[in-house]
Amino acid sequence: MIRVVNFFCFAVTALACLALYHVSEQTRVARATLTAVDRQIVGERDATNVLQAEWARVADSARIETLAQTRLGLNQAPAVQLSSFALLPRRGDATASEESPLRPASVVVPATTGVAAPVRLAVARSGN
Amino acid sequence: MAGEPTTMVQRRIVIAAILCGMAFAVLGARLVDVTLLKAGTAGTASAAIRATLNRADMLDRNGELLARDLPVQDLYLEPYALPDKQTAARELASATGANEDRLQHVFASHDRPGDHVLVARQISPDAEDRLLQFGLPGLEFDPSTKRFYPKGRAAVQVVGQVDPDGHGLSGLELGLDQTLRRGEPAQLSLDLRIQFALAQEVEAARQQFEARGAGGIVLNVQTGEILAMASLPDEPSPGSDDINPNRNRMVRDVYELGSVFKIFAFALAVEDHTTRLDETIPIGRGFRLGRHLIGDAEKMPATLAARDVFAQSSNAGTAQIALRSGPLRQREFLSRLGLLDPVRSEDPEGAKPLYPHHWGQIETATVGFGHGISVSPLAFATAAAIIVNGGRRITPTFMKHPQDTRGAQVISPETSATMRQLLRYVVTDGTGKLADLPGYEIGGKTGSAEKAVGGRYVAHKLLTSFCAVFPIDNPRYLVFVLLDEPHGAKASGVMALAGHTAAPLAGRVIARIAPMLELPAKAPIVAQMGGNP
């Protein structure tokens, strides 16, 4: 009986060793795969970093402005606030009358007005 | 069976059983170790691989990239392996930009097996590709990083520089060195949109007035955040050969700023009730103090109301008002505003101010109108912000910190409100008219200081500046601009004084940046313009 038990134990031990070897081998392969994936991630992340930096360079305001001027013939638009929300007519209200402070933007800010235009107007208003 | 001696077979069986038991115990222990104890550390190795970049990013307040480490390679080579050293040196020099003569020299002096030489540092992936196409033997690439600034020269002096080993050398790269090297990204208070607008307008004014240098600061007066800072020229420029383009003059240099300093003389007078704003101050041909005569750059009437002394920027009147406070009180007041100490910020290169050791009557008078004391533009802007923000102390910062950080009261809120009215009066009725902008009620003060050359003030070498605050009823932003030796144009009637050079510059800057700052115009601009037919 003892021999049978012993044999069984040896058999189980041998099987356990084989299973352990198998798992160990699987682990080694998985680790190698993981390392490769990690390297790929690092590479991809580096590439993403480079692309982000390249995008930041390409989208630089000075560069965009130069391109817009040389390739598209655009100029700086005057950054002027035409009105405030409080003065905008409600839906259904009558069109602004002549006395209204609101004017069509096209007649107030000519398309060719430079950025300094509001300043010049302000100077004229203050009588300098 | 009990008491019988164990046989040899039985002993072997027991030993075998013990060995089996030990084997199972080892397997069990290993199983517990792998499945339970080391379960959470599986990613450690991969994390270590990922940690290849050694310096964190610098971003503007909107997340725009300002500085980043990018992967590059350092190139080493074993000269012994080269069949033709002369050709190799030429090819390597063309691909990497290295000096060909240096390469030939080191190849000749390190020609033994096992000798390695450094060919070039931080070569780009493109250069690496070109090198590989040459098929040279003995090349070794060592992974490294290079600091890249995608916005080029934008805010270059503020951001600073690093050495080839990635250590901060100047600016915020130096001030935030520890943080960045720990891998923590730094989100700065700078807004690249504001920075671009400020730098562009300041450079345009510098060229228009043929100034040696120019600069500007946009500061949030409630949080102390610096939204933009320009110091120009920021690259080698004709006529400005003696100016270091990498030097942030807004932080590192000190200037006698002249009449913008009258803000502090009047704030002190209002705070201490030594002067009423409607009080008549004698001006005439100047104010005599001992053997000195304090005069004005432009002809002034015989008398001026105190508020007009400020609006017309009279030195003679301001000197009299400053003297009412006295030397001790004036010095203590300027000290409380932080003007007598180097300004503290994340930039470690704050300049030390220059002020008189002996602070007597003459010094009190001259300091009142901004002569005899030199401070950095950032220190001045911070102190001016305290005057208008309700009178509470702020600390300038280059880090994004949108919360209100106003601290201890330096002057009373009432004094601050009065000063805001005075600053507005300068723009509507004084020397700062050209800074006015419809819809945004701007307050400000001009400053035209003669520069000292060889110990004497030179009339035609001016340092003009304008300190603008908007919206004036509840200020949020301060714009300070400075022009170094601007030239007026007689033909067009434009003088070199601040009212004609720095004031319109500040107005143009505000016109550009106010919409970006989402500041609503107080009154409809259309109505103020009167509406065109």
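In this section: the overall build of chain B. What chain B contains, in helices and strands, is 19 helices and 14 strands. In terms of overall dimensions, chain B is more spread out than a globule: its C-alpha atoms have a radius of gyration of 34 Å, far above the 24 Å expected for 533 residues. By its C-alpha atoms, chain B is 130 × 75 × 60 Å across when sized along the principal axes. A burial count over chain B gives 48% of its 533 residues as buried. Of the contacts made within chain B by residues no fewer than 6 positions apart, 69% connect residues no fewer than 24 positions apart.

Okay, the overall build of chain A next. Looking only at helices and strands, chain A has 4 helices and 0 strands in total. N-terminal to C-terminal, the α/β element order of chain A is α-α-α-α. Buried positions account for 8% of the 128 residues belonging to chain A.

What follows deals with the environment of Pro71 of chain B. Residues and elements named next belong to chain B. With respect to the element layout, Pro71 can be found in strand β2 (residues 65-77). Residue classification places Pro71 among the buried residues on the basis of 20 C-beta atoms within 10 Å. Through-space distance from the C-alpha of Pro71 to that of Ser124 is 8.1 Å; in sequence the pair is 53 residues apart.

Bringing the packing of helix α1 (residues 2-58) of chain A against helix α1 (residues 8-37) of chain B into the picture now. One can describe the packing of α1 of chain A onto α1 of chain B by two numbers: an axis separation of 10 Å at closest approach and a directional angle of 30 degrees. The angle between α1 of chain A and α1 of chain B falls in the class roughly parallel. Of the two possible hands of crossing, α1 of chain A and α1 of chain B adopt the one that is left-handed. Residue-level inspection shows Ile2, Asn6, Cys9, Thr13, Ala16 and Leu20 of chain A of α1 of chain A in contact with α1 of chain B, the latter providing Ile13, Ala16, Ala17, Cys20, Ala23 and Leu27 of chain B. A class-by-class count of the residues in the contact of α1 of chain A with α1 of chain B yields 10 nonpolar, 2 polar and no charged.

Another point: the domain arrangement of chain B. Residue and element names in this part refer to chain B. Domain annotation of chain B identifies domain 1 (54-73 + 144-188) and domain 2 (195-529). Taking only C-alpha atoms into account, the centre of domain 1 sits 32 Å from that of domain 2. In this complex, domain 1 contributes 16 residues to the contact, which on the side of domain 2 involves 17 residues. Within the residue set of the side of domain 1 that touches domain 2, elements represented by two or more residues are α6 (156-159), α7 (171-175) and β5 (186-187). Its residues placed into classes, the side of domain 1 that touches domain 2 shows 9 nonpolar, 5 polar and 2 charged.

Residue and element names in this part refer to chain B. Most of strand β7 (residues 226-232) sits inside the fold, with 7 of its 7 residues counted as buried. Taken together, the 6 bridges between strand β6 (residues 213-220) and β7 define a ladder with antiparallel strand orientation. Its bridge partner lying in β7, Gly215 is registered against Ser231. Counting the residues in the hairpin turn of β6 and β7 gives 5 residues, including Gly224, whose phi is positive at 80 degrees.

Quick look at the sheet that holds strand β14 (residues 477-484) of chain B now. Residues and elements named next belong to chain B. Strand order in the open sheet formed by 5 strands is β7-β6-β14-β13-β12, and the pairing between neighbours is antiparallel. Edge strands, defined here as strands with exactly one partner in the open sheet, are β7 and β12 (443-453). On average, adjacent strands in this sheet sit at an angle of 15 degrees to one another, irrespective of strand direction. Packed onto the sheet, helix α16 (residues 377-388) meets β6, β13 (456-470) and β14 and runs at close to 145 degrees relative to β14. Together, β12 and β13 form the strand contacts of helix α17 (residues 413-429), whose direction differs from that of β12 by roughly 75 degrees.

Rules used in this analysis
- Residues numbered from 1 in each chain as written.
- Chains lettered and ligands numbered in written order.
- Predicted model: local features only at pLDDT ≥ 70, side-chain atom pairs only at ≥ 80, totals over all residues.
- Helix = DSSP H or I, 4+ residues; strand = E, 2+ residues; numbered from the N terminus.
- Rg over C-alpha atoms; globule rule 2.2 N^0.38 Å.
- Buried ≥ 20, exposed ≤ 12 C-beta atoms within 10 Å, placed from the backbone.
- Contact = placed C-beta atoms within 7 Å.
- Axes fitted to C-alpha atoms, helices over the stretch in contact; angles between N-to-C directions.
- Parallel < 35°, antiparallel > 145°, perpendicular 65-115°, else oblique.
- Left-handed = near helix turned anticlockwise from the far one by under 90°.
- Nonpolar A, V, L, I, M, F, W, Y, C, P; charged D, E, K, R; others polar.
- Domains from an automatic or database assignment.
- Pairing = 2+ DSSP bridges.

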